[in-house]
Every structure is written in C-alpha cells, then in structure tokens.
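In case you want the letters, here they are:
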Amino acid sequence: MSSSYYVTTTIPYVNARPHLGFALELVQADVLARHRRSRGGDVRFLSGTDENSLKNVLAAEAEGVAVQDLVDRNAAAFEALAEPLALSFDDFIRTSRDPRHREGVAHLWRRCAEAGDFYRTSYTGRYCVGCEAFLADDELTDGCCPDHGTEPQQVSEENWFFRLSRYQEPLRELITSGALRIEPASRRNEVLALIDSGLRDFSVSRSRARARGWGIPVPGDEDQVVYVWWDALGNYVTSLGLGDAPTEDFERWWAGDGERVHLAGKGVLRFHAVYWPAMLLSAGLPLPTRVLVHDYLTVSGRKISKSSGDVVDPADLAARYGTDAVRWWLLREVPRVGDADFTEERLVARADADLAGGFGNLVHRVVTMVHRYRDGVVPEVAVETTATAELRAVCARASGRVDAALDAFDYRAAAAAVWTLVEEANRCIDRTRPWELAKSERDGARSTPLDAALAALVAACRALGEELRPFLPAAADRIVHRCTPVDGVLPESTPLFRKLGE
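Predicted, not measured: the structure shown is a model, and the values here were computed from it. (Residues numbered from 1 in each chain as written. Predicted model: local features only at pLDDT ≥ 70, side-chain atom pairs only at ≥ 80, totals over all residues. Heavy atoms only, no water.)

(A) Local environment of the pairing of strand E1 (residues 5-8). With burial as the criterion, each face of E1 is covered, one bearing Tyr-5 and Val-7 and the other bearing Tyr-6 and Thr-8. For the crossover that starts at E1, traverses helix H1 (residues 20-38) and ends in the parallel strand E2 (residues 43-49), the hand is right-handed. (Buried < 20%, exposed > 50% of the residue type's maximum accessible area, 1.4 Å probe, protein only. Helix = DSSP H or I, 4+ residues; strand = E, 2+ residues; numbered from the N terminus. Right-handed = clockwise from strand over helix to strand, strands pointing away.)

(B) Local environment of the pairing of strand E3 (residues 91-94). Side-chain alternation along E3 places Asp-91 and Ile-93 on one buried face and Phe-92 and Arg-94 on a second face that is also buried. In terms of strand pairing, E2 meets E3 through four bridges, oriented parallel. For Ser-47, the partnering residue across the bridge sits in E3 and is Phe-92. (Pairing = 2+ DSSP bridges.)

(C) Structural context of the environment of Gln-153. Relative to the elements of secondary structure, Gln-153 occurs in strand E6 (residues 153-162). A relative accessible area of 40% means that Gln-153 is categorised as partly exposed. Along the primary structure Gln-153 and Ala-273 are separated by 120 residues, whereas in three dimensions their C-alpha atoms are 26 Å apart.

(D) Representation of the packing of helix H2 (residues 54-63) against helix H3 (residues 67-79) in the model. Close contact between H2 and H3 brings their axes to 8 Å; oriented N to C, the two are set at 105°. Judged by the angle between their axes, H2 and H3 are roughly perpendicular. Taking contact as the criterion, the partners of Asn-56, Val-57, Ala-59, Ala-60 and Glu-63 in H2 are, on H3, Val-67, Leu-70, Val-71 and Arg-73. Its residues assigned to classes, the contact of H2 with H3 shows six nonpolar, one polar and two charged. (Axes fitted to C-alpha atoms, helices over the stretch in contact; angles between N-to-C directions. Parallel < 35°, antiparallel > 145°, perpendicular 65-115°, else oblique. Contact = heavy atoms within 4.5 Å. Nonpolar A, V, L, I, M, F, W, Y, C, P; charged D, E, K, R; others polar.)

(E) Broad picture of the packing of aromatic side chains. Taken as a whole and judged by the stated rule, the model has 22 aromatic pairs. Seen in terms of ring centroids, Tyr-6 and Trp-254 are 6.0 Å apart; in terms of plane orientation they differ by 85°. Their pairing is edge-to-face. Of the two residues, Tyr-6 is situated in strand E1 and Trp-254 in the loop between helix H9 (248-253) and strand E12 (259-265); the sequence distance between them amounts to 248 residues. Among the residues examined, Tyr-6 registers a relative accessible area of 1% and is labelled buried. If you follow Lys-303 out to its NZ or CZ, it ends over the ring of Tyr-296, 4.5 Å from the centre. Over the aromatic face of Phe-497 sits the side chain of Arg-478, whose NZ or CZ is 5.1 Å from the ring centroid. (Phe/Tyr/Trp six-rings, centres within 6.5 Å; stacked < 30°, edge-to-face > 60°. Lys NZ or Arg CZ within 6 Å of the ring centre and 35° of its normal.)

(F) Structural context of the nonpolar core. The biggest cluster of nonpolar side chains holds 104 residues, and the ones touching the most others in it are Leu-20, Phe-359 and Phe-471. By residue number, the principal contributor to this core is helix H13 (residues 344-374), which donates 13 residues. Not counting residues up to four positions away in its chain, the partners in contact with Phe-471 are Val-31, Arg-327, Trp-328, Leu-331, Val-402, Leu-406, Ala-414, Ala-415 and Val-418. Counting 55 residues, the second largest nonpolar core, distinct from the first, contains Leu-164, Val-204, Val-237 and Trp-254. (Core = buried A, V, L, I, M, F, W, Y, C linked by side-chain atoms within 4.5 Å.)

(G) Geometry of the sheet that holds strand E11 (residues 221-226). With antiparallel pairing, three strands are arranged side by side in an open sheet as E9-E11-E10. Sheet topology places strand E9 (205-207) and strand E10 (217-218) at the edges, where each strand pairs with a single neighbour. Bridge count between E9 and E11: three bridges; the pairing is antiparallel. Bridge pairing in E11 links Ser-207 to Gln-224.

(H) Structural detail: the sheet that holds strand E14 (residues 297-299). Across the sheet, three strands lie side by side as E15-E14-E16; this open sheet has mixed pairing. A strand with exactly one partner marks an edge of an open sheet, and here the two such strands are strand E15 (302-303) and strand E16 (340-341). Taken together, the two bridges between E14 and E16 define a ladder with parallel strand orientation. In the strand pairing of E16, Leu-297 is matched with Ala-340.

(I) Quick look at the state of the cysteines. Applying the stated rule across the entire model yields zero disulfides. Cys-461 supplies the cysteine sulfur nearest to Cys-483, a cysteine that is in no disulfide, at a spacing of 4.5 Å. Classification of Cys-483 by relative accessible area gives buried; the value is 0%. (Disulfide = S-S within 2.5 Å.)

(J) Representation of H2 in the model. Buried residues of H2: Leu-54, Lys-55, Asn-56, Val-57, Ala-59 and Ala-60, and no others. The inward-facing, buried residues of H2 contact H3. Put simply, Ser-53 is the residue that caps the front of H2, since its side-chain oxygen is 3.0 Å from the backbone nitrogen of Lys-55. Following H2 by one or two positions, Gly-64 has its phi on the positive side, about 75°. (Polar contact = N/O pair within 3.5 Å; in protein donor to acceptor, adjacent residues only side chain to side chain.)

See below:
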C-alpha cells in the first residue's frame, strides 16, 4: 500500500436537508477510510458542504430567511450525519465559513490566471440552476435538463472563461495511461468519449448581480464571483491549506506519492474527471489518482434528490432501524454498476436475513455452545479436523478477498466476501454437529473433534468481527467483544441484533 491515502466525497449543496442518495457516498468513502486504516494505512477522510451556490440563495429567498442562516442550518444537518451513519471523517469543510477555502480558491485562481488560461467574453447559454451548469442543446431531453426535468434559463452576460480546450490531449493521455484511473470502466469510456467529442472552454465566473452578491469574489474583479463548481472543486486542496506557502498537510496528502481518491456520483462525472484535472494541470498541481463513480439510488425508479421531492432522510432512517441496518443495505444491495431502488421493506428484509439471522445467529450459537459444552472456556487445539481446517482456510483468505473487492470499488463483492465467513462457519457446524460430539463424550473424557470445532468457530467469529469493522464498526465491536474471553471465559451470549420485521 502507498504511503498515504486521501479519500474525499463530493460536497453537496445545502439548499435542503440531506437525503439517502448522498448518504450512500458518505458510507462508501467511510468504508474505504476505515478499511485502509485497519490495514495500517495513513488515512485522511474529507467531506463537507457546498455553500456558495445560487440554489442556496434561491432556497433562502423562498423561505424568507438570510442565505447564511439557511446554509448554516442545513450544513449542520450534513455534518451531524457522522453519528447516525457512523462516519469517521477527519475533516469537514464548509465553503462559506472556512477561511482556508476562500484563501485557497483565490490562490488557485491566480495560478490558473498566471498560466494564461482565463479570458473574458460575452456569451449566451442555457443554464440549469439545479445542475449549476450551462447545458448544450444535445444534453437536453425535450428541451429540459434530463436530471431535473426543468427547462434551463436563457442567460446572457459577460464572464471569465477557462481554456479547457487547451487540455484535451493531456487529459486523454492521463486517463488512457492509467495515471488518472476512472472506475468503473464504463465511466472511463464515457469520459474519453466526451474528450474525443471536443472540449469546449467553460464559464468560471458569474456576475455579482446574478449571484445576488453571494460567493467568493474573483481576484482582481469584484463585479464577478467565482463559479460555484470552480469554487467547490477546489475544496479537495483548499482543505489542505493550499496557498502561497506550502503547508504540511498539502505536502503530505496532495503533493506526495500517496493515493488521492475522489468519490463522485455519475451525474457530476465531467466536473471531477475533466474540469477538475484540467484546473490542476493549469495550476501546476498534482492530480487525483482515482475517481470512483457510483450510480444513483432511486425510489420507484426515480433518482433520490432534493429537487424531486423523493427524499429519504438517512438520519431518520437510522433512528428507526439502526445504523447497522442502513449501512449494510447500502453496502450489500447497491451494485457496482447500475442504479439501486430503495424501499424500507428491502432494508428490513436484508437486515433481518443478514444481521439478525446471519451474523447475530452465528455468534449466538457459537458462544452458547462454548458455554454449554466447555463452561465458556475456548478450547486450545493442537489437532484440526478436515472441517475446521477448511473453515480456518476460508478465514485466512477473507482479508485478501475484501481487499481486492474494495480496490475494484465493488462494495457488494466486499460485503459478500465477509458473508462467506458466515456461510463457511454454518457449514462447519452442520458438518461437525457439536451437539452430537458432546453426547458422545464419556467418563469426562473430552472430544478432540469437539474442541477443534469450538475453537475454530470462535476464531471464525472473531475474524468475522475484524473483517466487518469497515462496514459495520459498532456491530463488529460487539462481535469481537462477545468472542473475546474475560478472565478466561467468554461473555454470556445475548442477541446482537433485533429483528426489524417483528
């Protein structure tokens, strides 16, 4: 593994409270961070909120409140997801409040200006406020934004443009060479097709009047504010103290030889895989090493979004069903490629089958047998049986399978690799039948096969707990505790998970 691992989420608009679609990305990033830490890696996990948006201004106007009051309230709701979703981020940046960000954006702008990559011109275009982006005619569906279903506004004004076209060939070379990895491959191919179709320069400022005075001023041009996407993308380096003097954090997490990993939804792919790398090339800064792209969560086939009204509140969901149930559904059910349709019934069914009926039932059975047959003392074993040797072999391979799945950005496969421990442990129980081995013991003579079975099963449950830590940290702690002797004796077994369907 590389010397450092810097993993980030996109930063969401705060025109409304968080929804489950963004919670998916938060949990995915958290798993990568926790997993790398569990393997001894040097990790930094960043999230935050995108607050300098026209969407936020319009939402505040609709409510009749000050823009800063609205963004403060909603940003707090996003940051507070750390508890209900068991998130382990090391830093949380707020783009309207954090002094690091304003200073860093101005520094990034000046570097690109020094490279000769800005010019000012008048133009007319169709602007989707929901996307905070201009859309070309061929990007519309029946004249409307395909994501938001609204007709873009016709906008005419004079702004600063960035020479994206200058970086068409360098970007193509970086992606095809693997220096910038975009996964899955279908998204990589999508980006290459976009590049091959010809990159157009894009507007990177807005008039102060149209922005209602909200946003970061363009250095040297107070009548303009920095385009919200330019502003927001900079958070990955402004949070590290980008500025005239290199900071220790910037040198450690961005300028070094470690991994720089962005998670992003498919709807913002071009911003993270085209615009952002081009900005960094212009500024003479290192690029991310990987962009990991997930598809959407849907409800009844429609993308979960604040604007659609199909909002599922992740904090409320966790309060009703528990953090473990929410995280496990997001990791076990969402495919590497393709949208996933969410219902509470599916969440409950998966939790009851895997958490209560799988992890919980296995650990309860094993600990109960150790208490029943060996007074809670885990046997020491010198001789293995065929069944226990096979179980230990599966446990030994589990770490590698989890590593490979997460390296491929496949959470469903990673969760399945953890689940194989449950399957193999239950198979071992069926094959060894400890209750029958206990019956066959005579005159106090202990059965070596029973000792072997119990010891291997407890070891498998401990391995299950350790491999489960990145996915379900609280549940993993309970499992490991239940399988760790205290004064030589395992704690008494009680249910680890409640049945949600009852």
